[in-house]
Amino acid sequence: MVYKMTIKEILPWAKEQLKYACERPLYEAELLLMYHMDRDRIYLKLHDNVIVENTKEFKELVERRAGHEPMEYITNTVSFYDIELYIASGALIPRPETEILIDRAYDIIEEHDIKAIAEIGVGSGAISVVLARKFPELQIVSSDISKDALSIATQNIKRFDLQNRIELRHTSLLDGIDTDIEMIISNPPYIAKNTPLAPNVAEYEPHTALYSQEKGDELLKEIILLAKERGVKYLACEMGYDQREPIQEFADSLGIKSIEFYKDFAGLDRGFVMRFVSYV
Ligand SMILES: C[S@@+](CC[C@H](N)C(=O)[O-])C[C@H]1O[C@@H](n2cnc3c(N)ncnc32)[C@H](O)[C@@H]1O
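In this report, the structure presented in the accompanying data block is examined. (Residues numbered from 1 in each chain as written. Predicted model: local features only at pLDDT ≥ 70, side-chain atom pairs only at ≥ 80, totals over all residues.)

1. Regarding the packing of helix 6 (residues 98-112) against helix 7 (residues 126-134)
Right, so step 1: Interhelical geometry of helix 6 versus helix 7 gives an angle of 40 degrees and a closest axis separation of 11 Å. Between helix 6 and helix 7, the angle falls in the class oblique. Between helix 6 and helix 7 the crossing geometry is right-handed. Mapping the contact onto sequence places Thr-98, Leu-101, Ile-102, Ala-105 and Tyr-106 in helix 6 and Ala-126, Ile-127, Val-130, Leu-131 and Lys-134 in helix 7. (Axes fitted to C-alpha atoms, helices over the stretch in contact; angles between N-to-C directions. Helix = DSSP H or I, 4+ residues; strand = E, 2+ residues; numbered from the N terminus. Parallel < 35°, antiparallel > 145°, perpendicular 65-115°, else oblique. Left-handed = near helix turned anticlockwise from the far one by under 90°. Contact = placed C-beta atoms within 7 Å.)

2. Remarks on the environment of Asp-48
Right, so step 1: With respect to the helices, strands and loops of the structure, Asp-48 is situated in the loop between helix 3 (41-46) and helix 4 (55-66).
Right, so step 2: Given 13 C-beta atoms within a 10 Å radius, Asp-48 is considered partly exposed.
Right, so step 3: Along the chain, Asp-48 and Lys-193 lie 145 residues apart, while their C-alpha atoms are 48 Å from each other.
Right, so step 4: Other than its neighbours up to four places away in sequence, Asp-48 contacts Thr-6, Ile-7 and Lys-8. (Buried ≥ 20, exposed ≤ 12 C-beta atoms within 10 Å, placed from the backbone.)

3. Thoughts on the packing of helix 1 (residues 7-18) against helix 4
Right, so step 1: Running from N to C, helix 1 and helix 4 point in directions that differ by 25 degrees, and their axes come no closer than 9 Å. The orientation of helix 1 relative to helix 4 falls into the category roughly parallel. Handedness of the crossing formed by helix 1 with helix 4: right-handed. Here Ile-10, Ala-14, Gln-17 and Leu-18 of helix 1 come into contact with helix 4, specifically with Phe-58, Val-62, Arg-65 and Ala-66.
Right, so step 2: Along the lines of polarity and charge, the residues of the contact of helix 1 with helix 4 split into six nonpolar, one polar and one charged. (Nonpolar A, V, L, I, M, F, W, Y, C, P; charged D, E, K, R; others polar.)

4. Focus: the site of the ligand
Right, so step 1: In the region of the ligand, 24 residues are neighbours, and Gly-121, Gly-123, Ser-146, Asn-187 and Ala-209 sit closest.
Right, so step 2: Those elements giving two or more residues to the shell around the ligand turn out to be helix 7, strand 4 (139-144) and helix 10 (207-210).
Right, so step 3: Along the lines of polarity and charge, the residues of the shell around the ligand split into 14 nonpolar, nine polar and one charged. (Near = placed C-beta within 6 Å.)

5. Thoughts on the sheet that holds strand 6 (residues 183-186)
In a beta sheet, neighbouring strands pair by backbone hydrogen bonds and run either parallel or antiparallel.
Right, so step 1: Taken together, the seven strands give an open sheet; going across it, the order is 5-4-3-6-7-9-8, and neighbouring strands pair in mixed fashion. In this open sheet, the two edge strands, each paired with only one partner strand, are strand 5 (166-170) and strand 8 (258-263). Direction aside, neighbouring strands of the sheet carry axes that sit 15 degrees apart on average.
Right, so step 2: For strand 7 (residues 234-238) and strand 9 (residues 269-275), the ladder comprises five bridges, and the chain directions are antiparallel. Looking at strand 9, one finds that Glu-238 is bridged to Gly-271.
Right, so step 3: Against the sheet, helix 11 (residues 218-230) touches strand 3 (116-120), strand 6, strand 7 and strand 9, its axis set at about 170 degrees to strand 7. (Pairing = 2+ DSSP bridges.)

6. Quick notes on the nonpolar core
Right, so step 1: Membership of the largest hydrophobic core comes to 55 residues, with the highest contact counts inside it found for Ile-184, Ile-223 and Leu-235.
Right, so step 2: Tallying contributions element by element places helix 7 first for this core, with six residues.
Right, so step 3: Other than its neighbours up to four places away in sequence, Leu-235 contacts Ile-184, Ile-224, Ala-227 and Met-274.
Right, so step 4: Formed by 12 residues, the second largest nonpolar core is a distinct cluster that contains Ile-7, Ala-29, Leu-32 and Val-62. (Core = buried A, V, L, I, M, F, W, Y, C linked by C-beta atoms within 7 Å.)

7. Some points on the pairing of strand 7
For a regular strand, side-chain orientation follows a simple rule: the groups alternate between the two sheet faces.
Right, so step 1: With five of five residues buried, strand 7 lies mostly within the body of the structure.
Right, so step 2: Residues Tyr-234, Ala-236 and Glu-238 point to one face of strand 7 and Leu-235 and Cys-237 to the other, with burial holding for every one of them.
Right, so step 3: Here four bridges tie strand 6 to strand 7, and the two strands are oriented parallel to one another. Each bridged residue has a counterpart across the sheet, and for Ser-186 the counterpart in strand 7 is Cys-237.

Okay, here's the thing in structure tokens:
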């Protein structure tokens with residue numbers, strides 16, 4: 001027989017289980033219980049004598065989190081920019097710093113009235129979906145090499161009814177995509193091979209979304225070269241905090257004059273915008 005526990009009994013138990021897995025164990029225990037009971041936090045506070053049904057299933061959720069599985073994969077939800085996206089283990093969990101990349105792209109799209117862009121490495125669809133929602137006339141073609149990521153992106157595109165605005169392609173970079181593109185945006189894998197990562201990242205997030213090659217900046221450089229060769233006007237990319245120098249050197253070697261780097265919320269270099277427009 002499974003002993004029935006009330007909300008006020010089960011939360012301290014869950015907090016104890018989570019104490020080594022996260023910084024705010026009680027907060028996360030509440031999040032898991034809210035998800036499990038499909039109730040909000042106020043309900044938990046006001047009804048703490050209520051019995052938690054299906055305790056075994058709740059305990060399984062807590063065990064997953066105690067084993068460092070990210071909360072977003074357990075609840076299949078991630079908040080990003082102004083929306084909630086579906087997320088599952090086949091795609092990278094969109095990060096808050098990627099919202100800065102979107103703001104950079106937003107300024108360019110708005111200023112130059114851009115109508116056609118490509119995203120390389122669409123993952124969950126976070127960037128493409130946010131931009132498509134912001135610019136109702138924008139058409140986006142978005143690639144990924146991961147079928148799992150594309151299936152998650154498909155769900156998010158449907159969730160926001162953007163099937164006519166975002167075209168997904170299972171391909172590397174922009175191989176086989178020959179539509180006119182004014183701008184490329186990308187948050188590619190940029191971590192150097194063998195870089196140790198926290199267990200919640202290393203053990204759960206797809207390595208094809210995280211790691212590039214020996215130095216980490218290889219795919220970024222391929223994307224820069226591609227943007228130049230394709231004759232797009234703008235390129236906006238996220239990058240690693242220590243990649244400004246090699247990216248600047250690479251841009252110089254290609255004769256790219258206009259490159260602006262931007263920083264993240266921690267003040268670290270986090271991305272760049274290149275303009276290939278020639279002013280005559
Ligand atoms: C860092 S994740 C970014 C996902 C999403 N755009 C975001 O910002 O949350 C990088 C994505 O690039 C994809 N990727 C890796 N190599 C690629 C390539 N050569 N061509 C296209 N996509 C690639 C990965 O599968 C992954 O989904």
